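Residue strings, one per chain:
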Amino acid sequence: MATNGVNGDHYEDDEGIDYSDIEAKYQVEYDDGFDNIIVVDGIPIIDKSKLEKLLARIAKEFSRKGAPFKTDNVVVPWNDATEKSKGYIFIEFKNANDAAFAVNAMHGHPFDARHTFLLNRFTDIERYANLDETYAEPEPEEYQPKEHLRAWLGDPQGRDQYATYRGDEVEIHWHGKPSQSEVAFSRTNWTDFYISWSPLGTYMTTLFRQGVRLWGGTSWGHQQRFAHPLVKLIDFSPNEQYLVTWSHDSITVPEGAQQGPQFFSPEDEGNNIAVWEVKTGNLLRTFPTLYPEGEDVKKQLQWPALKWSADDKFVARVTPGQQISVYELPNMGLQGKKSIKIEGVVDFEWCPHGDKDREEAEKEAKAPANGAAKAPKKVRENMLAYWTPEVANQPARVTLMDFPGRLILRQKNLFNVTECKLFWQNQGDFLCVKVDRHTKTKKSIFCNLEIFRVREKDYPVEVVELKDTVTDFSWEPKGERFALISSNDPNLGNPGPGITIKTDVSFYQLERGKGDFKLLRTLAGRTSNTVRWSPRGRHVVLATVGSSSKSELEFWDLDFNNDDLGRREGPSKEEWGSGIQLLGTADHYAVTDAEWDPSGRYLATSASAWRHTLENGYAIWDFRGQELEKQILDRFKQFLWRPRPRTLLTKEQQRQIRRNLKEYSRTFDEEDAAEESNISAELIALRKRLVDEWNAWRSRCKAEMADDRKKRGKKLEAVSEQQEESKEEIEVWIDEVIEQIEEEV
């Protein structure tokens, strides 16, 4: 018989052992609290016939925010007297963490126009009932200053910045005089795909496999992230309030994935496009990718897939052949709860807001509410333009529509249309519709320009007829001119390797008296395929981009003879086209990109390794075509100027600066002279130091030679006299041409 009782029935020896510590350690605690239950107020009051439908919709709203629950776990209190609900419900979740997440995600969520969810934990009721109402003064938190996201605008030298992406390294440079150009920041592995500036230059955007990240401030700290895996394309709204991302791979939400307002929910699965709020990082809505319909149509993504109104109030997308859907921000609800049905619609564009529109909007915002002062001019509503192709017996059509009124302002019928492209001038004054037409036999294609003068009554339309195919069109910023590149080269449709397409470049300007656009000048026999206007207008660069045989750059001034830059009445008949002057030509081998800086004084050209591997790098030129800097860098990918936001100066302040420009110029000239004198002083000091070192070395050598001769017993006087006689001073005058100016009288 075992003495320990394991194999027998005797347990007398265990009676004195205390097991309380083990029982306490392994005791199973049952969760009998109410932390997993929440109270949802703001529920519509209904009768029992509508209960099932209401609970299904509430569950759908919670699921969209990543807080799903089963309707079986909902308790609805009823008023027995009225046989209606009391306006609140109890929801039981799996655990306290899910309940806490639901409170954070759904509190304050608008259910419909008259009801908003208000959420509390069930346990908070008792806690609030027993709340100690004794006031305790909170301890003030220590102020932590944040970096200003637009601090670079306060640079004392007024320099611009640009970013370069080479290999795995991204660098941000200051651009100024040679003595002021320097690297402001550098980071390795800052992006997996490419870099991009936000439209106003506030953020640097980098793309990773996990999503998008925004950076800013003087130390380039992390500002925001958007979790869209394998994102490939991004697009900001004009005022940087929202961001659209796209991935070729559809959204998938694995089981157990993190949920919340900043993450995808199961309802987003299968979509490719996401809309985010930049300030909070919250996901607003997702969409599937839509491709053009038809068997013969190539399935190519149109980007941007969502197009923003100039004030960030609306975003719209087109369903090819059916409708335009416009969504209101920030709730991303369908405006008017219905899309704009347009049979056959192909494309559309929002009208940009000009300086006049922004000034009127600011005046309206500052106007007193009582209306005692003079009411400001009515602000122009948003406007969009769209076109539809020929369908059956219906002609093709271009339509202007105001929004949100949805009133058709102007329509223009078009015939024998192959394709249309919409080009708004950046101030919203003109809309050019480039219409590719075919002859009745459909064997040849020619082009017409239908130009709408949007600021004038009844929106008059002018037609500019062209015989050749237009390959590029571009409005002058803040101007009344445009440039186009046309060609009748037979190789235009099928350019082969080594074949150069001959093009003509034409400039047109509005003739104010007649209201027509008149040809200023045509530059024939060019190879240019790209037009790049300076952001300030007036100067334009014609470039041959993406060619392996030609890489020419031509710098033109369209107001060479016009000193009064503020003149608006246009040139006289004698001056028409005479002010167009070639300032200089240049060449950047295998150039792939050309971009002006925000000031319009410098042009950057680059050869990206994404296109080819021949002499990759970048060059910076002034507006006359003089090369200022050139860097040949292997594995060079991107060059991007940092955009600047719109100036805060009023029109009057800008005019005052122009009047006193000579005084400002004098200050800058003094700074330049001081810098040059400093450089000269440094150069003189360097030369003096080198001469002193030379004389010291020479004296040392003479002393060593004298000691050597003394040891040999030779006389020193004769040698020194002979050296003095053999010394000869030669003075050389050098003439250097600093600048040469030719004047024609």
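In this text, all values refer to a predicted model and were calculated from it rather than measured experimentally.

1. With respect to unusual backbone geometry
- The peptide bond linking Trp 303 to Pro 304 adopts the cis configuration, its omega dihedral lying at 5 degrees.
- Among the structural elements, Pro 304 can be located in the loop between β17 (283–287) and β18 (307–308).
- The linkage connecting Phe 403 with the following residue, Pro 404, adopts the cis geometry, with an omega of 15 degrees.
- Its identity is not glycine, yet Leu 230 carries a phi of approximately 60 degrees, on the positive side.
- Tracing the chain through its elements places Leu 230 in the loop between β13 (221–226) and β14 (233–236).
- One non-glycine residue with positive phi stands out, namely Arg 406, at about 60 degrees.
- Within the fold, Arg 406 resides in the loop between β25 (396–403) and β26 (408–414).
- Judged by relative accessible area, which is 22%, Arg 406 ranks as partly exposed.

2. A closer look at the pairing of strand β7 (residues 160–166)
- The element β7 is largely enclosed, with a buried count of 6 among its 7 residues.
- With 7 bridges joining them, β7 and strand β8 (residues 169–175) adopt antiparallel strand pairing. The residue bridging Ala 163 from the neighbouring strand is Ile 172, located in β8.
- Between the antiparallel neighbours β7 and β8 lie 2 residues, among them Gly 167 with a positive phi of about 60 degrees.
- Relative to strand β43 (residues 636–641), β7 runs antiparallel, the two being bridged by 5 bridges. In the strand pairing of β43, Arg 166 is matched with Phe 636.

3. Details of the sheet that holds β25
- An order of β23-β24-β25-β26 is seen for the 4 strands of this open sheet, with the pairing classed as antiparallel. Looking at strand neighbours, the two that pair on one side only are β23 (347–350) and β26, the edges of this open sheet. Neighbour to neighbour, the strand axes of the sheet diverge by 15 degrees on average, direction disregarded.

4. Focus: the sheet that holds strand β32 (residues 481–487)
- With antiparallel pairing, 4 strands are arranged side by side in an open sheet as β31-β32-β33-β34. Two strands in the sheet have a free side with no partner beyond their single neighbour: β31 (469–475) and β34 (516–526). Strand-to-strand, the axes of this sheet are offset by a mean angle of 20 degrees, without reference to chain direction.
- Two elements, β31 and β32, share 6 bridges in a ladder whose sense is antiparallel. Bridged to Asp 472 within β32 is Ile 485.

5. A look at the pattern of salt bridges
- For the coordinates displayed, the defined rule picks out 27 salt bridges.
- The salt bridge partner of Asp 355 is Lys 478, with a shortest N-O separation of 3.8 Å. Within this pair, whereas Asp 355 is found in helix α5 (residues 355–366), its partner Lys 478 is found in the loop between β31 and β32, the two being separated by 123 residues in sequence.
- Classification of Lys 478 by relative accessible area gives partly exposed; the value is 46%.
- Among the ionic pairs, Arg 659 bridges to Glu 652, the shortest N-O distance being 3.6 Å.
- For Arg 659, a relative accessible area of 52% corresponds to the exposed category.
- In this structure Glu 652 comes out as partly exposed when scored by relative accessible area, which is 40%.
- Through salt bridges with shared partners, a single ionic network connects Asp 355, Arg 358, Lys 478 and Lys 651.

6. A look at the packing of aromatic side chains
- For the structure shown, the criterion picks out 38 aromatic pairs.
- For the ring pair Phe 555 and Trp 621, a centre distance of 6.5 Å and an interplane angle of 50 degrees mean the geometry is tilted. Here the residue Phe 555 occupies a position in strand β37 (residues 552–557), and Trp 621 occupies one in strand β41 (residues 617–622), the gap between them amounting to 66 residues. Both residues of the pair, Phe 555 and Trp 621, belong to the buried class.
- Cluster of aromatic residues (ring-pair linked, three or more members): Phe 423, Phe 430, Phe 473, Trp 475, Phe 482, Tyr 508 and Phe 517.
- Positioned over the ring face of Trp 215 is Arg 187, at 4.9 Å from the centre of the ring.
- Residue placement shows Arg 642 over the ring face of Trp 152; its charged tip is 3.6 Å from the ring centre.

7. A few points about the nonpolar core
- Of all hydrophobic cores here, the largest spans 24 residues; its most connected members are Ile 38, Val 40, Ile 58, Phe 62, Ile 91 and Phe 117.
- Put simply, the parts of the chain that give this core at least two residues each are β1 (37–41), α2 (51–64), β5 (88–92) and α3 (96–106).
- Discounting chain neighbours no more than four positions away, the residues touching Ile 58 are Ile 43, Phe 69, Ile 89, Phe 111 and Phe 117.
- Listed in part, the 18 residues of the second largest apolar core include Ala 385, Leu 422, Val 435 and Val 454.

About the cut-offs
Residues numbered from 1 in each chain as written. Predicted model: local features only at pLDDT ≥ 70, side-chain atom pairs only at ≥ 80, totals over all residues. Heavy atoms only, no water. Helix = DSSP H or I, 4+ residues; strand = E, 2+ residues; numbered from the N terminus. Buried < 20%, exposed > 50% of the residue type's maximum accessible area, 1.4 Å probe, protein only. Pairing = 2+ DSSP bridges. Axes fitted to C-alpha atoms, helices over the stretch in contact; angles between N-to-C directions. Salt bridge = Lys/Arg side-chain N within 4 Å of Asp/Glu carboxyl O. Phe/Tyr/Trp six-rings, centres within 6.5 Å; stacked < 30°, edge-to-face > 60°. Lys NZ or Arg CZ within 6 Å of the ring centre and 35° of its normal. Core = buried A, V, L, I, M, F, W, Y, C linked by side-chain atoms within 4.5 Å. Contact = heavy atoms within 4.5 Å.

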